[in-house]
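# Chain and residue survey
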Amino acid sequence: MPYITTRDDTQIYFYDWGSGPPVLFIHGWPLNADAWHDQMKAVVDGGFRAIAHDRRGHGRSGQPWDGYDFDTFADDLADLINALDLHEVTLVAHSMGGGELARYIGRHGTSRLTKAVLLSAVPPLMLKTDANPEGTPQEVFDKIKAGILAERSQFWKDSADGFFGANRPGNKVTQGNKDAFWLMAMAENIQAGVACVDAFSATDFTEDLKKFDIPTLVVHGDDDQVVPIAAAGDKSSKLIPDCTYKVYQGGSHGIALVPGDKEKFNTDLLEFLRG
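For the structure given in this document, a descriptive report is provided here. (Residues numbered from 1 in each chain as written. Predicted model: local features only at pLDDT ≥ 70, side-chain atom pairs only at ≥ 80, totals over all residues. Heavy atoms only, no water.)

This part is about the packing of aromatic side chains. Tallied over the entire structure, the rule returns 15 aromatic pairs. Between Phe 163 and Phe 164, the aromatic rings sit 4.9 Å apart at their centres with planes inclined by 75°, giving edge-to-face as the arrangement. With respect to class, Phe 163 is no different from Phe 164; both count as buried. An aromatic cluster of three or more residues is present, and its members are Trp 29, Phe 141, Phe 155, Trp 156, Phe 163, Phe 164, Phe 181 and Phe 200. The side chain of Arg 55 reaches across the aromatic face of Phe 73, ending 5.5 Å from its centre. Geometry around Phe 272 places Lys 115 over its ring, the cationic atom sitting 5.1 Å from the centre. (Phe/Tyr/Trp six-rings, centres within 6.5 Å; stacked < 30°, edge-to-face > 60°. Buried < 20%, exposed > 50% of the residue type's maximum accessible area, 1.4 Å probe, protein only. Lys NZ or Arg CZ within 6 Å of the ring centre and 35° of its normal.)

On to the nonpolar core, then. Judged by nonpolar contacts, the single largest core of 64 residues is most densely connected at Leu 24, Trp 29, Leu 91, Leu 101, Tyr 104, Phe 200 and Phe 212. Considering each element in turn, this core owes the most residues, eight residues, to helix α4 (residues 138-164). With residues near it in sequence (within four places) discarded, Phe 212 still touches Leu 101, Ala 102, Ile 105, Ala 116, Leu 118, Ile 240 and Pro 241. (Core = buried A, V, L, I, M, F, W, Y, C linked by side-chain atoms within 4.5 Å. Helix = DSSP H or I, 4+ residues; strand = E, 2+ residues; numbered from the N terminus. Contact = heavy atoms within 4.5 Å.)

Quick look at the packing of α4 against helix α6 (residues 190-202) now. Describing two packed helices takes the angle between their axes plus the distance from one axis to the other. Remark: α4 packs on α6, axes separated minimally by 10 Å, with the N-to-C direction vectors making an angle of 175°. When the interaxial angle is binned, α4 and α6 end up roughly antiparallel. Only Ile 190, Gly 193, Val 194, Val 197, Asp 198, Phe 200 and Ser 201 of α6 make contact with α4, whose side of the interface consists of Phe 141, Ile 144, Lys 145, Ile 148, Leu 149 and Arg 152. Along the lines of polarity and charge, the residues of the contact of α4 with α6 split into eight nonpolar, two polar and three charged. (Axes fitted to C-alpha atoms, helices over the stretch in contact; angles between N-to-C directions. Parallel < 35°, antiparallel > 145°, perpendicular 65-115°, else oblique. Nonpolar A, V, L, I, M, F, W, Y, C, P; charged D, E, K, R; others polar.)

Moving on: helix α9 (residues 261-274). Residues spaced three or four apart along an α-helix point in a common direction, a consequence of the helix completing one turn every 3.6 residues. Look at α9: 20 Å from first C-alpha to last across 14 residues, which is about the 20 Å you get at 1.5 Å a residue. Burial in α9 covers these residues: Asp 261, Lys 262, Phe 265, Asn 266, Asp 268, Leu 269, Leu 270, Phe 272 and Leu 273. In this structure, the buried side of α9 is in contact with β3 (22-26), α1 (37-45), β5 (89-94), β6 (113-119), β7 (216-221) and β8 (243-248). (Expected span 1.5 Å × (residues − 1).)

So far we have only geometry, and geometry alone does not tell us how the molecule works.
Put into structure tokens, the structure is as follows:
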């Protein structure tokens, strides 16, 4: 099994497929690297090398009690990139993974990178504040943590509808989408589940985004019920200097997995990689 060991002896599991310019995928919460299989196959078939890891506390990676903050996640990502000696990498990040990508650039720069992609990503700040009125109120995050602690298996089953937009008329969400979401969520440990809510809700990535000096593609659905577009994609696209912004009409949070949207995203991703 492919693992690297981080500077604090946490094991990080990863996939490494194909050959060519490297594309490293960073998953959202509460998922793992399996969420990227469709995109990984698409880029390998397109002549690229696809890499994806399970964040600490998720999937097959180490399950420590602490370390669920974005400085740590970014340093884990740096450890992976350094261990594989990757250069001219394109980072592709979904949801919470977008914070990991942003903080990586904020802490480690872009010397090993060539492009970045933020999909339904949490930056610049999810939490509603006086300075961020478009954000999500604290009580929403408190309910998420309470749901995980009360009965996490049922909570994840209930959460899948909003994640994928299965509660919208005419949606194309499959039962398989929802089953896969539950399976990946249950592979995240309960401590990581709760701690990550605090991390992705309250971490401000504004200064990290201002340090982006590589071409960046921002993709967001205008019906994202998890990371609303007004507080995320709309703002990130204005903070990142060299940004291409694509809004998917009716797109949910789970764009990379839902039939129809995932094929569109794969096309947009390959076009960006080749551009």
